[in-house]
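Working through the structure, step by step
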Amino acid sequence: MSDATKKRKRSSESPAAPAPAPAPAANPYLAHMQADGPARAVPAGPGALKFRETTVKQAEDLEEGSTNPFTGEAFSEQYRRILKQRRNLPVHKQREEFLKLMHKNQVLVLVGETGSGKTTQIPQFLVYDEQPQQTGMMIACTQPRRVAAMSVAKRVADEMDVKLGQQVGYSIRFEDCTSQSTLLKYMTDGMLLREAMIDPQLSRYSTIILDEAHERTLATDILMGLIKRICRSRPDLKVVVMSATLDAEKFQKYFDNAPLMVVPGRKFPVEIYYTPEPERDYLEASIRTVLQIHTCEDPGDILLFLTGEEEIEEACRKIKAEADALAASAPSQVGDVKVVPLYSSLPPAQQQRIFEDAPPARPGRPAGRKIVVSTNIAETSLTIDGIVYVIDPGFSKQNVYNPRIRVSSLLVSPISKASAQQRAGRAGRTRPGKCFRLYTEKAFMKDLQEQTYPEILRSELGSIVLQLKKLKVDDLVHFDFMDAPAPETMMRALEQLNYLGALDDEGDLTKLGEIMAEFPLEPQLSKMVITSPRFKCSNEMVSIIAMLSAPNPFMRPNDQRKQADAAKSQFDDAQGDHLTLLHVYNAFVENEESPKWCFNNYLNARVLKGAVNIRRQLVRLMNRLNLPMVSPDAPDGPNYDRAIRKALTAGNFMHVAHLEKNGLYLTSKDNQVVMLHPSCCLASKPEWVTYHEYVLTKKNYVRTCTAISPEWLLELAPEYYDLDNFPECESKRVLKRLQAKRQSGRK
DNA sequence: GAGCACTGC
């Protein structure tokens, strides 16, 4: 992030650019504001390339020359070998069409299916057309995921015969692999959004490519809105919106009827089969289908999509057992199987198993088969080559936010047509494949929605609204969202930010809000961190927040639950889970971040390392914002945990539950009946708790809970706990009594 | 007395 503030200097070290920078701009950020407009002439050199006026011939001559125009070094053998492959990619045939469209238009929508080469080639076409080393402005290409940004950058660095991090680099959270000489930068969409907060015109970029736009991540959606605005004030900015599906029309319309370019993919055909009748039990039907394929179809690996960890582990056990039984009863007809589960919380070493080979054929027996049982992670994030059969039961878990009760929940829901197509496509990556859909064709046509709802329609918007306010988008109602979120969700976010003190009653960003927006955290958490110095516990709070931002660090293998629970209890704090997390963090650091220590204590070392990383980033921000890192005077004193719990309440006062006389908790104001999650370390039920999250599963649970004192609510959040505007309930009566006592005490 | 689809800053 700080990179955006660095001064960039472009030297004329490249041989293709022997002369100094063309425009007398002192500040390369402002180059686009030069009076001579966007079509600045690049000084005549070999090829005499003109900014955005180049031809395919010119580029190809340079690519086929002996010297790399960007480094001045001789092209390597590897480079030439890759160049041959690149020329065979489908997108290469349309290089001329692409350049023409880019020269004539500000925004281009590009649809390219998998295997078209769009992600690697399009940015390079632009590098040759724009010669960024001469303009001082970069080309950015966004990706929804970190690994993609990293691996594509690596590939393209090889293709351009440059060192990764030099002319081609990437930028993701925790890692900025770019330099002064970077011309092409792959980055996560979230990272570009962060940069926009420092540089609202995105003035370091001449062209921005939004890749995988069809995924409609929160960050991509916000970026599209911002970029559409920036386009008006920066006619020199060019934009390419790349999508894998044919829903391009929506993007075209949104960008004022931008032209469309379609690049064919390179895939093998996939035959689709539907069930004649709806399946009652998709899990049972899935297992049956796996076994049918295994016994009746030609060799080739199987990918089965299920919804979650538990379901996947169960399916794996059953498939393995039944396939082994079949093989035992008919050894000459049934081959061996290797059943591999895949979901994100699986440690990387186990995730790697999906790339292992299928079991070899034993003498006199059919070939073995690999069967991967996966969540949606295999739909976009991970690609497994060699899959020939896909089984799609038609469901996935989706996060849905309900603004009425202010709760997000994970629901098993039917997938969209786009998602079903994506799943089927996974069968045709290396050769023709088959996809078995466990629903009827009629259901596919009539019941499935076209696209999955974009994230922005399913999320809580607190931090998004905060970020937009920071980006000076004041009128959120009229912000040009591609899909506008529900007004009620927007209102909830504004209300929440107002209670937190980030927005004033006019809806304008306050000083506190400005600072809150700097943190890569949910607003409540930012508030806690920022307030914590006041309670002399910022050191501790930053650790807790880092732990809350990381996934669950506690391991609980099915066959060692007792031991795992015992290990966890060593860290338990009588006052609650937030403090327990603090103890775990501290113990991890005291034990020198030892993976062995983690293993012995049923903790996930990878997750804890992640927390250390997040903490470091937060401390850097605290320092930059002049927020002191302090600890309570007496770490063993009675006020130690009190200070921390009070600081927690300062941000979390909207996540409070009160124990009613009937033994149930009710959430403050919303009056939802909730229970402490079974993983909660609180032995007794405190009358008041603050919780980190509310999870809706079979029951309503609040998870990560800590005991608090009701006085703090009245003291720290008087607007939210304004008892004249409070629904009638037991907690209101308790608070009223308390308030009366406070007032009489003051007299 | 039970869970955590997947990302991202």
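What counts and how
Residues numbered from 1 in each chain as written. Chains lettered and ligands numbered in written order. Predicted model: local features only at pLDDT ≥ 70, side-chain atom pairs only at ≥ 80, totals over all residues. Heavy atoms only, no water. Helix = DSSP H or I, 4+ residues; strand = E, 2+ residues; numbered from the N terminus. Rg over C-alpha atoms; globule rule 2.2 N^0.38 Å. Contact = heavy atoms within 4.5 Å. Lys, Arg positive; Asp, Glu negative; His and termini not counted. Charge placed at Lys NZ, Arg CZ, Asp CG, Glu CD. Near = heavy atom within 4 Å. Polar contact = N/O pair within 3.5 Å; in protein donor to acceptor, adjacent residues only side chain to side chain. Nonpolar A, V, L, I, M, F, W, Y, C, P; charged D, E, K, R; others polar. UniProt positions renumbered as here; feature names shortened; annotations may be inferred. Pairing = 2+ DSSP bridges. Axes fitted to C-alpha atoms, helices over the stretch in contact; angles between N-to-C directions. Patch = residues over 30% accessible without salt bridge, like charges linked within 9 Å, V, L, I, M, F, W, Y side chains within 5 Å. Areas by Shrake-Rupley, 256 points an atom, 1.4 Å probe, with all protein chains shown as cover. Salt bridge = Lys/Arg side-chain N within 4 Å of Asp/Glu carboxyl O. Buried < 20%, exposed > 50% of the residue type's maximum accessible area, 1.4 Å probe, protein only. Core = buried A, V, L, I, M, F, W, Y, C linked by side-chain atoms within 4.5 Å.

For the rest of this paragraph, the subject is the overall build of chain A. When helices and strands are counted, chain A shows 26 helices and 21 strands. Relative to the compact-globule value of 27 Å for 747 residues, chain A shows a C-alpha radius of gyration of 29 Å, a close match. Structurally, chain A occupies a C-alpha span of about 85 × 80 × 50 Å along its principal axes. In chain A, the proportion of contacts linking residues at least 24 apart, taken out of those at least 6 apart, comes to 73%. Between the averaged position of the 98 positive side-chain charges in chain A and that of its 93 negative side-chain charges there is a distance of 1 Å.

On to the protein's contact with DNA strand B, then. Around DNA strand B, the surrounding shell holds 30 residues, and the nearest of these are Arg 146, Ser 344, Lys 397, Asn 552 and Arg 703. Counted by atom, the contact set of DNA strand B within 4 Å of the protein is 60% sugar and phosphate. One nitrogen or oxygen atom from the main chain of Glu 309 is found 2.7 Å from a phosphate oxygen belonging to DNA strand B. Secondary-structure elements contributing two or more residues to the surface near DNA strand B are helix 7 (189-198), strand 14 (395-402) and strand 21 (700-707). Examining the composition of the surface near DNA strand B, we find that 3 residues originate from one element, helix 7, more than from any other. For the surface near DNA strand B, the residue count by class is 9 nonpolar, 11 polar and 10 charged.

To continue, consider the UniProt feature "domain: Helicase C-terminal" (unreviewed entry) in chain A. Following the UniProt record, one finds the feature "domain: Helicase C-terminal" (unreviewed entry) at residues 289-472. In residues 289-472, the share of helix is 31% and the share of strand is 24%. The end C-alpha atoms are 54 Å apart.

We now examine the sheet that holds strand 18 (residues 665-667). Spatial strand order, 17-18-19-21-20: 5 strands in a closed barrel with mixed pairing. Pairs of neighbouring strands in the sheet enclose a mean axial angle of 50°, with direction left out of account. Looking at chain direction, strand 20 (residues 688-696) and strand 21 are connected through 7 bridges and run antiparallel. Following the sheet pairing, Val 689 is matched in strand 21 by Ala 707. Each of strand 20 and strand 21 touches helix 21 (residues 577-590); the most contacted strand, strand 21, lies at about 65° to it.

Here we come to a nonpolar patch on the surface. Taken together, the side chains of Leu 664, Val 673 and Met 675 make up a nonpolar region of the molecular surface, amounting to roughly 220 Å² of accessible area. Looking at the element boundaries, Val 673 is found in strand 19 (residues 673-676). Residue class for Val 673 comes out partly exposed when judged on its relative accessible area of 42%.

A word on the side chain of Lys 185. Within the secondary structure layout, Lys 185 lies in strand 5 (residues 184-188). Separated by 2.9 Å, the side chains of Lys 185 and Glu 195 make a polar contact. Here the side chain of Lys 185 touches Tyr 205 through a polar contact of 3.0 Å, side chain to side chain.

This next bit is on the environment of Gly 115. Summarising the element assignment, Gly 115 is placed in the loop between strand 1 (107-112) and helix 4 (118-130). Of the residues examined, Gly 115 reaches a relative accessible area of 39% and is grouped as partly exposed. It is 9.2 Å that separates the C-alpha atoms of Gly 115 and Val 91, two residues lying 24 residues apart in sequence. With near-sequence residues (within four places) excluded, Gly 115 lies in contact with Leu 89, Pro 90 and Arg 266.

Next up on the list: the nonpolar core. The biggest cluster of nonpolar side chains holds 116 residues, and the ones touching the most others in it are Ile 208, Ile 227, Leu 468, Phe 519 and Tyr 721. Broken down by element, the residue count for this core peaks at 10 residues, all from helix 23 (residues 605-624). Look past the residues within four positions of Ile 227 in its chain and what remains in contact with it is Leu 202, Ile 208, Leu 210, Leu 237 and Val 239. The next biggest cluster of nonpolar side chains, apart from the first, holds 42 residues, and it includes Phe 70, Met 102, Ala 157 and Tyr 170.

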